[in-house]
Amino acid sequence: MCPQPAEPHLLIDPDEVERFDRGGGVATLPYVGKWNSGDAVITTGQTVFQPGTGPPPHSHNVEESVLILDGEATAEIDGAFFDLEPGQATWVPAGVPQRFLTYGGWSPDRIEAAVERAHAASRAWAR
């Protein structure tokens with residue numbers, strides 16, 4: 001077996017990805033984006049939320065899909081709340097306020113997010 005596929009393809013090992021601390025008990029493992037693939041049109045990564053944490057409501061300038069990997073969370077999408085379990089996913093159009101909140105249990109929650117590359121250019125935090 002080959003250790004890595006030929007370029008431009010990527011094989012990402014989460015143990016080798018440098019964690020990006022977002023503050024407030026939230027950290028992201030960035031997988032694919034402009035930093036490692038000039039050909040990719042999406043940005044992907046895994047975000048870990050410590051119990052009882054989550055970002056403020058915000059929107060992106062592109063659509064976003066989020067998959068719950070572990071734990072339980074509540075998604076707030078355009079002011080409506082949805083309880084989510086592992087294996088469930090959301091899709092949110094560009095410009096729609098959203099956030100994910102953890103329940104505050106004993107273990108971290110993990111989500112996988114995929115957004116178009118334009119996401120890196122702009123994020124608007126709702127107030």
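Quick caveat: nothing in here was measured; it's all calculated off a predicted structure.

## Comments concerning the environment of valine 26
Moving on, step 1. Here valine 26 is to be found in strand S2 (residues 26-32).
Moving on, step 2. Through-space distance from the C-alpha of valine 26 to that of glutamine 50 is 6.3 Å; in sequence the pair is 24 residues apart.
Moving on, step 3. Excluding residues that lie within four positions of it along the chain, valine 26 makes contacts with Phe20, Asp21, Thr47, Val48, Phe49, Thr53 and Gly54.

## Some words on the nonpolar core
Moving on, step 1. Judged by nonpolar contacts, the single largest core of 13 residues is most densely connected at Phe100 and Ile111.
Moving on, step 2. Ranked by residues supplied to this core, first place goes to strand S6 (residues 73-77) with three residues.
Moving on, step 3. With near-sequence residues (within four places) excluded, phenylalanine 100 lies in contact with Phe49, Thr53, Gly54, Pro55, Val66, Thr74, Ala75, Leu84, Thr90 and Ile111.
Moving on, step 4. Val17, Tyr31, Val32 and Ala40 belong to the second largest nonpolar core, which has five residues in total.

## Concerning the environment of leucine 101
Moving on, step 1. By secondary structure assignment, the location of leucine 101 is in strand S9 (residues 98-102).
Moving on, step 2. C-alpha separation for the pair leucine 101 and alanine 73, spaced 28 residues apart in sequence, amounts to 5.5 Å.
Moving on, step 3. The contact partners of leucine 101, leaving out residues within four places of it in the chain, are Thr53, Gly54, Pro55, Ala73 and Thr74.

## A short note on the pattern of salt bridges
Moving on, step 1. A full pass over the atoms with the stated rule returns one salt bridge.
Moving on, step 2. Note that arginine 99 is salt-bridged to glutamate 76, the shortest N-O span being 2.5 Å. Here arginine 99, found in strand S9, pairs with glutamate 76, found in strand S6; they are 23 residues apart in sequence, far enough to count as distant.
Moving on, step 3. Residue glutamate 76 is classed as buried on the basis of its relative accessible area of 15%.

## Digging into the confidence of the model for the protein
Moving on, step 1. Looking at the protein, the pLDDT average stands at 81 and 83% of residues meet or exceed 70.
Moving on, step 2. Mean pLDDT per element in the protein: strand S11 (residues 123-125) is the minimum at 43, and strand S7 (residues 80-84) is the maximum at 93.
Moving on, step 3. Counting interchain partners and residues more than four positions distant, the pLDDT-below-50 stretch residues 118-127 has 20 contacts.

## Some remarks on the side chain of threonine 74
Moving on, step 1. Looking at the secondary structure, you find threonine 74 in strand S6.
Moving on, step 2. Here aspartate 83 takes part through its side chain, which lies 3.0 Å from a polar atom of the side chain of threonine 74.

## Considerations on unusual backbone geometry
Moving on, step 1. Even without glycine at this site, aspartate 78 takes up a positive phi of about 55°.
Moving on, step 2. Within the secondary structure, aspartate 78 is located in the loop between S6 and S7.

What counts as what
Residues numbered from 1 in each chain as written. Predicted model: local features only at pLDDT ≥ 70, side-chain atom pairs only at ≥ 80, totals over all residues. Heavy atoms only, no water. Helix = DSSP H or I, 4+ residues; strand = E, 2+ residues; numbered from the N terminus. Contact = heavy atoms within 4.5 Å. Core = buried A, V, L, I, M, F, W, Y, C linked by side-chain atoms within 4.5 Å. Buried < 20%, exposed > 50% of the residue type's maximum accessible area, 1.4 Å probe, protein only. Salt bridge = Lys/Arg side-chain N within 4 Å of Asp/Glu carboxyl O. pLDDT = per-residue confidence, 0-100. Polar contact = N/O pair within 3.5 Å; in protein donor to acceptor, adjacent residues only side chain to side chain.

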